[in-house]
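Coordinate inspection notes
Each chain, written out:
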Amino acid sequence: MAASSEAAENSVRRRRVRDSRTETESSVSSGGDSQIKTRFQTVQPGTFWLTRVVLLRSVCFIYFVAFCVAYTQNKQLIGERGLTPCKSYLNSVKRYVGGKVGLAAVTYTPSVLWFLDWSNMDANLDGIALLGMALSAFVLLTGTANVAIMAVLWVLYHSLVNVGQLWYSFGWESQLLETGFLAIFLCPLWTLSQVPRHCPPSLICIWTFRWLIVRIMLGAGLIKIRGDKCWRDLTCMDYHYETQPVPNPVSYYLHRSPWWFHRFETLSNHFIELIAPFFTFMGRRMCMVNGAIQILFQLVLIVSGNLSFLNWLTIVPSLACFDDAALGFLFRSGVGAKGTVLQIQNQDAAGRAPRPSRGMLVRRVVNVSLGILIGWLSVPVVLNLLSSRQVMNTSFDPLRIVNTYGAFGSITKERTEVIIQGTLSPDPKDPEVVWEEYQFLCKPGDVYRRPCVISPYHYRLDWLMWFAAFQTYEQNEWVIHIAGRLLANDTTVLSLLRHNPFQGRDPPRWVRGEHFIYRFSRPGSASAAQGKWWLRKRIGAYFPPVDLEGLRVYFQSRNWPHPHIPADRS
């Protein structure tokens, strides 16, 4: 009797163990099936979680490059001993608005520099650049950002652009500020997460990016059609590669393309800038077609020239043409951000989406307000696009939130260069005088030097020298400022140059500017066989020989510090 009772009890125990094992195996199998299903499930269209990650990383890549340029060049350009010190500029603004730092000064020139100690402006400029580099690198590496980080980046770069004067007068500065402003509204207020569940990407914000790429391309296309005649007779590309600001080695070969290829390039340019932007409003697929066209177009421009970070920056709003389904291939399947997005989409499809919190409702109000603001500020921009007197790269508001854009409305048919030379001879008119050339970091000079490749980085002085070459030195007085500093072997200015012919020697006694026409040598020609990338012909003097004593009055009249004259020359 006891034996049979014990046997029955053991049988029950064995059944319970088997049932427990079966339940555990079933649970494991179910969990594994779920993980496998998530891994192989595809992201559905219509959401923009992954798009937000890509946009934020892209914007911060441009920010990082821009702050890197600022850190390496600002001291020489707008620092204490820079060519146009920002302290002098801020003081002039201060005098203009009544002699004190107040709302009028900050409104006229928005910059955090107003609130910093001016006793060491170089440290202020370096601090802004380094903080910008650190914050942008964080977002670039992690793919996470919040309103605070993106707003600080925007304020920091705004602070540099507004005191950068002519060195920051390029259209891409306003474009970065507008792009950076829109990126602020992509993020949660404080949370640092690639996919913050309670802060879905706003469709309004996505459309502000799309509206930006539409305006950029239409502005560029319309300014061409209304501008230089060569855009209408399809001959502009015959000149562009040779005469663009800073050509690269690919430019050298593309310049010699057949005439029919240049005509095809010009027609393609008109289609991409004037027709393709309207695809944005024709549904998801056509919007993605436009995005792909614009990105491919910018990649071609990146390969064929050194146009700073302009083309890299123009890719950013084009990315907003793609949703999570289109950009899912950039993320690992089933894990990280992509896995989280799949879970969110599954929850939403099953009707288990969380109820909107108070914060989410407030955020919706903010997003609607953003759309209204961009719409209102776009009115003068659209009127400018429709005007026969269209202007490009202009801001209609002091914060540069919505701007006009455009590029290469006119094409120079010949490339001219200013070549700065110095001599140790006491008499610049001596027929035996030997003039030695300074070489800039990237702009053409030495005909044997291969064109550089620096994009997305850029040298601000080299760009301004391109503009100066088809103007006069009276229109670009800073060129004479450079000459004066070179007469003293000033290390600040020399750090912006590639080659100083008087390195380790006495400073030059005289400096002059010579004006040349530059042309690409023909591949396979005798000149190319000699290693010449360029052929040049002298036009004449750009500015006459100058010495330190002769520049004293010129410098004093412009409140420039006069370089020291060596004792043996005074």
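What counts, and at which threshold
Residues numbered from 1 in each chain as written. Predicted model: local features only at pLDDT ≥ 70, side-chain atom pairs only at ≥ 80, totals over all residues. Heavy atoms only, no water. Buried < 20%, exposed > 50% of the residue type's maximum accessible area, 1.4 Å probe, protein only. Helix = DSSP H or I, 4+ residues; strand = E, 2+ residues; numbered from the N terminus. Pairing = 2+ DSSP bridges. Contact = heavy atoms within 4.5 Å. Axes fitted to C-alpha atoms, helices over the stretch in contact; angles between N-to-C directions. Disulfide = S-S within 2.5 Å. Phe/Tyr/Trp six-rings, centres within 6.5 Å; stacked < 30°, edge-to-face > 60°. Lys NZ or Arg CZ within 6 Å of the ring centre and 35° of its normal. Patch = residues over 30% accessible without salt bridge, like charges linked within 9 Å, V, L, I, M, F, W, Y side chains within 5 Å. Areas by Shrake-Rupley, 256 points an atom, 1.4 Å probe, with all protein chains shown as cover. Salt bridge = Lys/Arg side-chain N within 4 Å of Asp/Glu carboxyl O. pLDDT = per-residue confidence, 0-100.

A short note on helix 19 (residues 478–487)
Burial runs high along helix 19: 10 of the 10 residues are buried. Taken residue by residue, helix 19 has W478, V479, I480, H481, I482, A483, G484, R485, L486 and L487 as its buried positions. One or two steps after helix 19, the chain reaches N489, where phi turns positive at roughly 50 degrees.

Observations regarding the sheet that holds strand 2 (residues 436–437)
Taken in spatial order, the four strands make up an open sheet running 2-1-5-6, and their pairing is antiparallel. In the strand order of this sheet, the two ends are held by strand 2 and strand 6 (534–546), each with one partner. Relative to strand 5 (residues 510–520), strand 1 (residues 415–423) is paired through nine bridges, and the arrangement is antiparallel. Looking at the pairing, V418 lines up with H515 of strand 5. Packing against the sheet, helix 19 makes contact with strand 1, strand 5 and strand 6, and its axis sits at approximately 80 degrees to strand 6.

A few points about the state of the cysteines
Counting across every chain of the model gives two disulfides. Through a disulfide, C230 is tied to C236; the S-S separation comes to 1.7 Å. One quick way to see it: the torsion about the S-S bond of C230 and C236 is about 70 degrees, and its sign makes the bridge right-handed. We note that C230, like C236, is buried. Disulfide pairing places C442 opposite C452 at an S-S distance of 1.5 Å. With C442 in the loop between strand 3 (439–440) and helix 18 (460–469) and C452 in the loop between strand 3 and helix 18, the pair connects residues that are 10 residues apart, well separated along the chain. Side by side, C442 and C452 carry an identical accessibility label, which is buried. Not engaged in a disulfide, the cysteine C60 finds its nearest cysteine sulfur in C187; these two sulfurs lie 8.0 Å apart. Residue classification places C60 among the buried positions, given a relative accessible area of 0%. A disulfide-free cysteine, C86 has its sulfur positioned 19 Å from the sulfur of C68, the nearest such atom.

A closer look at the packing of aromatic side chains
Going through the model one piece at a time under the given rule, you end up with 33 aromatic pairs. Aromatic pair Y252 and F520: ring centres 5.3 Å apart, planes at 85 degrees, arrangement edge-to-face. In this pair, Y252 is assigned in helix 11 (residues 249–254) and F520 in strand 5, connecting sequence segments 268 residues apart. Aromatic pair F261 and F264: ring centres 6.5 Å apart, planes at 40 degrees, arrangement tilted. Taken as a pair, F261 and F264 lie in helix 12 (residues 259–275) at a separation of three residues, close to a single helical turn. Ring-pair connections join several aromatic residues into one group, and the members of that group are Y252, Y253, F516, Y518, F520, W533 and W534. In this structure, R536 packs its charged tip against the face of F516, placed 4.2 Å from the ring centre. Between R558 and the ring centre of Y554, over which it is positioned, the NZ or CZ distance is 3.7 Å.

A few points about the pairing of strand 1
On a regular strand, each side chain points to the face opposite its neighbour's, so the side chains alternate between the two faces of the sheet. Taking burial as the measure, the nine residues of strand 1 include nine buried ones, the bulk of the element. Residues R415, E417, I419, Q421 and T423 line one face of strand 1 and the alternating positions T416, V418, I420 and G422 line the opposite face, and both faces are buried. Bridging between strand 1 and strand 2 involves two bridges; their strand directions are antiparallel. In the strand pairing of strand 2, Q421 is matched with E437.

Regarding a nonpolar patch on the surface
Together, L203, W207, F278, F281 and M282 give the surface a local cluster of nonpolar side chains, amounting to about 500 Å² of exposed area. Tracing the sequence through the fold places L203 in helix 8 (residues 203–226). Take L203: its relative accessible area is 47%, and that puts it in the partly exposed class.

Considerations on unusual backbone geometry
The linkage connecting S455 with the following residue, P456, adopts the cis geometry, with an omega of 10 degrees. The backbone of S308 shows a phi angle near 60 degrees, a positive value even though the residue is not glycine. Tracing the sequence through the fold places S308 in the loop between helix 13 (284–304) and helix 14 (310–318). We classify S308 as buried; its relative accessible area is 0%.

A few points about the confidence of the model for the protein chain
One rule of thumb: low pLDDT means the predicted coordinates there are not for detailed reading. Here the protein chain averages 91 in pLDDT, while 92% of its residues score no lower than 70. Within the model, pLDDT remains below 50 along residues 20–35, and this stretch shows zero contacts once partners closer than five positions in the same chain are excluded.

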